[in-house]
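Below are the chains, spelled out letter by letter.
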Amino acid sequence: LYSKQDFDEREDFTVPEILKADLLDTVLLSKKFGGELRWPNPPPAERWRKAEELAHLLGLLEESGRLSPLGEQVQRIPLDARLGRSLLAAHALSE
């Protein structure tokens, strides 16, 4: 699959998935269930804050931090939140 040289040049450990994953859907789920999540290894606070900021920009959260009606609709669509928001916007434009 790869050469010994390639293997030797790789890092000993990969970056944890929580540091790479998009947190937008996780933010929306936590708001839906109305509680703090218990993390074995929590994501960096800055990444969580940015995901909440994006949710506000997309209109998925109210100023209070609760899910907006649009956010609730997006949660029911079995897609990534960005795609679900795009789908709802396209539907609104087609009416």
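Residues numbered from 1 in each chain as written. Predicted model: local features only at pLDDT ≥ 70, side-chain atom pairs only at ≥ 80, totals over all residues. Heavy atoms only, no water.

Bringing the overall build of the protein chain into the picture now. Scanning the protein chain from N- to C-terminus turns up five helices and zero strands. Ordered by position from the N terminus, the helices and strands of the protein chain form the series α-α-α-α-α. Since a compact globule built from 95 residues should have a radius of gyration of about 12 Å, the 18 Å found for the protein chain marks it as more spread out than a globular shape. Principal-axis analysis of the C-alpha atoms places the extent of the protein chain at approximately 60 × 35 × 20 Å. Relative to its full complement of 95 residues, the protein chain shows a buried share of 22%. Summarising the internal contacts of the protein chain: among those between residues at least 6 apart in sequence, 48% fall at separations of at least 24. (Helix = DSSP H or I, 4+ residues; strand = E, 2+ residues; numbered from the N terminus. Rg over C-alpha atoms; globule rule 2.2 N^0.38 Å. Buried < 20%, exposed > 50% of the residue type's maximum accessible area, 1.4 Å probe, protein only. Contact = heavy atoms within 4.5 Å.)

Bringing the packing of aromatic side chains into the picture now. The final tally for this structure, using the stated rule, is two aromatic pairs. Ring geometry for Y2 and F7: centres 6.2 Å apart, planes at 5 degrees, overall stacked. Classification of F7 by relative accessible area gives partly exposed; the value is 49%. Taken together, a centroid distance of 6.0 Å and an interplanar angle of 80 degrees make the contact between W39 and W48 edge-to-face. The cationic tip of R10 hangs over the ring face of Y2; the distance from NZ or CZ to the ring centre is 4.2 Å. (Phe/Tyr/Trp six-rings, centres within 6.5 Å; stacked < 30°, edge-to-face > 60°. Lys NZ or Arg CZ within 6 Å of the ring centre and 35° of its normal.)

The next thing to look at is helix α5 (residues 81–94). Between its first and last C-alpha atoms α5 spans 20 Å; for 14 residues at 1.5 Å apiece the expected length is 20 Å, and the two agree. The elements touched by buried residues of α5 are α2 (24–33) and α4 (69–76). Put simply, D80 is the residue that caps the front of α5, since its side-chain oxygen is 3.0 Å from the backbone nitrogen of R82. (Expected span 1.5 Å × (residues − 1). Polar contact = N/O pair within 3.5 Å; in protein donor to acceptor, adjacent residues only side chain to side chain.)

Those residues of α4 that fall on the buried side of the exposure criterion are G71, V74 and Q75. The buried residues of α4 occupy one face: seen down the axis, they fall within an arc of 100 degrees. Seen from the buried face of α4, the exposed residues on the opposite side, beyond 90 degrees, are P69 and R76. Taken together, the buried residues of α4 touch α2 and α5. (Arc of directions from axis to C-beta.)

With that out of the way, let us pick up the side chain of S68. With respect to the element layout, S68 can be found in the loop between α3 (45–57) and α4. There is a polar contact of 2.6 Å between the side chain of S68 and the backbone oxygen of G59. Beyond its immediate sequence surroundings of up to four residues, S68 is in contact with G59, L60, L61 and E62.

With that settled, the discussion passes to the packing of α2 against α3. For any two helices packed against each other, the geometry is given by the interaxial angle and the distance between the axes. For the pair α2 and α3, the least separation of the axes is 9 Å and the interaxial angle reads 80 degrees. The pairing of α2 with α3 is recorded here as roughly perpendicular in orientation. In contact with L24, T26, V27, L28, S30 and K31 of α2, α3 contributes W48, A51, E52, L54 and A55. Taken together, the residues of the contact of α2 with α3 sort by class into seven nonpolar, two polar and two charged. (Axes fitted to C-alpha atoms, helices over the stretch in contact; angles between N-to-C directions. Parallel < 35°, antiparallel > 145°, perpendicular 65-115°, else oblique. Nonpolar A, V, L, I, M, F, W, Y, C, P; charged D, E, K, R; others polar.)

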